[in-house]
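# Commentary on secondary and tertiary structure
Listed below, chain by chain, are the residues.
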Amino acid sequence: MKSYLEIKVPISFDDYWFRELRDLLYGVDIRWQRGYYHITMAFLDFAPDNVNMRPELSEILGDAVAPVITFDTLDAFASGPHRQVIHLTTSDVPEDFLDLVEDVRQFFKSKGCIIQSDFRLHVTLGRVQDPRMNVHKLKDIISQVDLPTFTLELTDIEYRIFRGKLLGLWKLLD
């Protein structure tokens, strides 16, 4: 079974900088993320069906302090031919958050889970599927957005089956 652990990021589709981004990219074929903004801490390409991850995840996450992340960058990366991901990120990833991410990823691997992707702190805003666009053009356009620097405390973590039900929910200490 495919599943993932994500930490929720409380931003809004209606934030003025997000509207500005969409206005600049008007006419480009983009599937905009509408809500459910998050950072994927671990995407499990395979997790054994017969292993209950919740009790040990609760031990790891129960003592974790909510990370405080300052978001200051809009960027894009290629995700395939004529496909790019527009995302929000930070230029300064907190070490304690990276440690927590590494702890949960190592835990999953110790339970026989397969994680093929490396961790990249990003909040997906949109998926570009336009043959006229490449990552360089996209980055040039994105650089015009007046993104304010803002800091958020991230407290809510969810463990879900890929495109399916919720398996666990945790609130980190603030």
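Attention in this report is confined to the structure presented alongside it. (Residues numbered from 1 in each chain as written. Predicted model: local features only at pLDDT ≥ 70, side-chain atom pairs only at ≥ 80, totals over all residues. Heavy atoms only, no water.)

## A short note on the overall build of the protein
Looking only at helices and strands, one finds 4 helices and 10 strands in the protein. Along the protein, helices (α) and strands (β) appear in the sequence β-α-β-β-α-β-β-β-α-β-α-β-β-β when read from the amino end. A compact globule built from 174 residues would reach a C-alpha radius of gyration of about 16 Å, and the protein, at 17 Å, matches this within 12%. The C-alpha extent of the protein, read off along each of the three principal axes, is 45 × 35 × 25 Å. Within the protein, counting contacts between residues at least 6 apart in sequence, those at least 24 apart form 80% of the total. Of the accessible surface of the protein, which amounts to about 9,400 Å², a share of 48% is contributed by carbon and sulfur atoms. (Helix = DSSP H or I, 4+ residues; strand = E, 2+ residues; numbered from the N terminus. Rg over C-alpha atoms; globule rule 2.2 N^0.38 Å. Contact = heavy atoms within 4.5 Å. Areas by Shrake-Rupley, 256 points an atom, 1.4 Å probe, with all protein chains shown as cover.)

## Quick word on the side chain of His122
With respect to the helices and strands, His122 occurs in the loop between α3 (95–110) and β7 (123–128). For His122, the contacting residues outside a window of four places in its chain are His38, Ile39, Phe77, His87 and Leu88.

## So, the pattern of salt bridges
Taken as a whole and judged by the stated rule, the model has 7 salt bridges. A salt bridge links Lys111 to Glu56; the nearest nitrogen and oxygen atoms lie 2.9 Å apart. Here Lys111, found in the loop between α3 and β7, pairs with Glu56, found in helix α2 (residues 54–62); they are 55 residues apart in sequence, far enough to count as distant. With relative accessibility at 34%, the residue Glu56 sits in the partly exposed group. A salt bridge links Asp130 to Arg132; the nearest nitrogen and oxygen atoms lie 2.5 Å apart. (Salt bridge = Lys/Arg side-chain N within 4 Å of Asp/Glu carboxyl O. Buried < 20%, exposed > 50% of the residue type's maximum accessible area, 1.4 Å probe, protein only.)

## Some details on the pairing of strand β4 (residues 68–71)
Residues Ile69 and Phe71 line the buried face of β4, whereas the alternating positions Val68 and Thr70 sit on a face that is not buried. As paired strands, β4 and strand β8 (residues 150–153) are joined by 4 bridges and run antiparallel to one another. Bridge pairing in β8 links Val68 to Glu153. (Pairing = 2+ DSSP bridges.)

## Notes on the environment of Leu167
Tracing the backbone through its elements, the reader meets Leu167 in strand β10 (residues 166–171). For Leu167, a relative accessible area of 19% translates into the label buried. Residues Leu167 and Met53, spaced 114 residues apart in sequence, show a C-alpha to C-alpha distance of 8.9 Å.

## Considering the packing of aromatic side chains
This structure, assessed with the given rule, holds 11 aromatic pairs. With a centroid separation of 5.8 Å and an interplanar angle of 70°, the aromatic rings of Phe18 and Trp32 are classed as edge-to-face. In this pair, Phe18 is assigned in helix α1 (residues 16–24) and Trp32 in strand β2 (residues 30–32), connecting sequence segments 14 residues apart. Residue class for Phe18 comes out buried when judged on its relative accessible area of 0%. We classify Trp32 as buried; its relative accessible area is 19%. With a centroid separation of 5.4 Å and 85° between ring planes, the pair formed by Phe43 and Phe162 is classed as edge-to-face. (Phe/Tyr/Trp six-rings, centres within 6.5 Å; stacked < 30°, edge-to-face > 60°.)

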